[in-house]
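Tertiary structure, described
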Amino acid sequence: MPEIRSPRGKGADLAGEDDGRRAAAVFDALGSGYEKAFAHSEAHRRSLEWLLGRLAPGSFVLDVGSGTGRPTAATLVASGHDVLGVDVSPVMVGIAGRQVPGASFECVDVRDLPLDEGSFHAVCVYFSLLQMDRAEQSRLIGRLARALLPGGSLVLATVPLDVEGVDAVFMGQPVRVTSFAGEDLVEVVRAAGLTVLAEEDTLFTPDHPEAVPEPHLFLCCGRN
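Okay, so let's go over this structure. (Residues numbered from 1 in each chain as written. Predicted model: local features only at pLDDT ≥ 70, side-chain atom pairs only at ≥ 80, totals over all residues. Heavy atoms only, no water.)

What follows deals with the sheet that holds strand β10 (residues 194-204). As a general point, the strands of a sheet are linked pairwise by backbone hydrogen bonds and lie either parallel or antiparallel. Ordered by their spatial adjacency, seven strands build an open sheet running β4-β3-β2-β6-β7-β11-β10, and the pairing between neighbours is mixed. Each end of this open sheet is capped by a strand with a single partner; those strands are β4 (104-107) and β10. Strand-to-strand twist across the sheet, computed as the mean angle between neighbouring axes with direction ignored, equals 15 degrees. Two elements, strand β6 (residues 120-126) and strand β7 (residues 148-158), share six bridges in a ladder whose sense is parallel. Within the sheet, the bridge partner assigned to Ala122 lies in β7 and is Ser153. Along the sheet face, helix α3 (residues 42-52) touches β6, β7, β10 and β11 (214-223) and points at about 5 degrees away from the line of β11. (Pairing = 2+ DSSP bridges. Helix = DSSP H or I, 4+ residues; strand = E, 2+ residues; numbered from the N terminus. Axes fitted to C-alpha atoms, helices over the stretch in contact; angles between N-to-C directions. Contact = heavy atoms within 4.5 Å.)

What follows is the structure, given as structure tokens:
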């Protein structure tokens, strides 16, 4: 199969590298505290249950922004699937490798990951786009959609806000956030050749002393 790479110019490369370094620094600092803060997300678990219901035994799944490996990679491995997790944070990759030895993890920016067309039965993208600009998010969703086998599934979760390049504080760490409003993200997903088969909007408060309630959107999609 041909390798699919996003067409990024020099300026986009530099901006993307800066985004990647910032994201790595944030999640290196958060470490296992991130898992604790989000462990009680029932919507996350429901989206995983939806995905498990569509996967044949031994499916190959890409987990983008795999974090500590829990709950996503751990749940998939426990159900008999092969998982490749990628994350920009070496601290997170180290934790994930120890916690979910049955999966494979790589410390790499997914924008630099070679993706062959039709490589995966499923792709998970849980809250891993928020430090990319909108053009990068749209290109990546398109690449991930093409990396799915026919009939494959993609589960995507984000904070559905109409914001671009906003400086904020997340669990005590400075971040620069970009996102789409929910309906705009659905259009990006559809333009990538995916059909939204289920979605859930919820309000979630991370288990962290500085946390405030935040909207979460989960999209469960199939490749057309």
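What the rule picks out here adds up to six aromatic pairs. Ring geometry for Phe60 against Phe120: centres 4.8 Å apart, planes inclined by 35 degrees, an arrangement best described as tilted. Linking Phe60 in strand β2 (residues 60-64) with Phe120 in strand β6, this pair joins segments that are 60 residues apart in sequence. Residue Phe120 is classed as buried on the basis of its relative accessible area, which comes to 5%. Feature note: the residues Tyr34, Phe38, Tyr126, Phe127, Phe204 and Phe218 constitute an aromatic cluster, connected by ring pairs. Stacked on the ring of Phe180, the Lys or Arg Arg134 has its end atom at 5.3 Å from the ring centre. (Phe/Tyr/Trp six-rings, centres within 6.5 Å; stacked < 30°, edge-to-face > 60°. Buried < 20%, exposed > 50% of the residue type's maximum accessible area, 1.4 Å probe, protein only. Lys NZ or Arg CZ within 6 Å of the ring centre and 35° of its normal.)

Okay, the side chain of Ser41 next. Along the polypeptide, Ser41 turns up in the loop between α2 (32-38) and α3. For Ser41, the residues in contact, after removing those within four places along its chain, are Phe204 and Phe218.

Next up on the list: the state of the cysteines. Within the structure shown, the criterion is met by zero disulfides. In this structure Cys107 is a free cysteine whose sulfur lies 19 Å from that of Cys124, the closest cysteine sulfur available. Its sulfur unpaired, Cys124 is 9.5 Å from the next cysteine sulfur, which belongs to Cys220. Look at Cys124 and you get buried, because its relative accessible area is 0%. (Disulfide = S-S within 2.5 Å.)

Before going further, it helps to spend a moment on the pattern of salt bridges. A full pass over the atoms with the stated rule returns eleven salt bridges. One salt bridge connects Glu136 with Arg139, and the closest N-O pair in it is separated by 3.5 Å. With a gap of three residues between them, Glu136 and Arg139 both fall in helix α6 (residues 134-146), about one helical turn apart. Here Glu187 ties to Arg190 by a salt bridge, and the two come within 3.2 Å at their closest N and O atoms. (Salt bridge = Lys/Arg side-chain N within 4 Å of Asp/Glu carboxyl O.)

Turning next to the side chain of Ser128. If you trace the backbone, Ser128 turns up in the loop between β6 and α6. Among the polar contacts listed, one links the side chain of Ser128 to the backbone oxygen of Val64, at a separation of 3.1 Å. Those residues in contact with Ser128 that sit more than four places away from it in its chain are Val64 and Gly65. (Polar contact = N/O pair within 3.5 Å; in protein donor to acceptor, adjacent residues only side chain to side chain.)

Our focus in this paragraph is the pairing of β7. Two faces make up the sheet, and in a regular strand the side chains alternate between them. Burial analysis of β7 places eight of its eleven residues in the buried class, which makes it a mostly covered element. A crossover links β6 with its parallel partner β7, the connecting element being α6, and its sense is right-handed. Note: β7 against β11, six bridges, orientation antiparallel. Bridging from a neighbouring strand, Thr158 pairs with Leu217 of β11. (Right-handed = clockwise from strand over helix to strand, strands pointing away.)

This part covers the environment of Leu194. Along the chain, Leu194 falls in strand β10. Under the relative-accessibility criterion, Leu194 is labelled buried at 2%. When the C-alpha atoms of Leu194 and Thr205 are compared, they prove to be 29 Å apart, with eleven residues separating the residues in sequence. Excluding residues within four positions of it along the chain, Leu194 makes contact with Ala145, Leu148, Leu154, Val189, Cys221, Gly222, Arg223 and Asn224.

Buried residues dominate β6, accounting for six of its seven residues. The sheet contact formed by β2 and β6 spans four bridges and is parallel. Within β6, the position partnered with Val61 by the bridge is Ala122.

Purely geometric numbers; function is a separate question.
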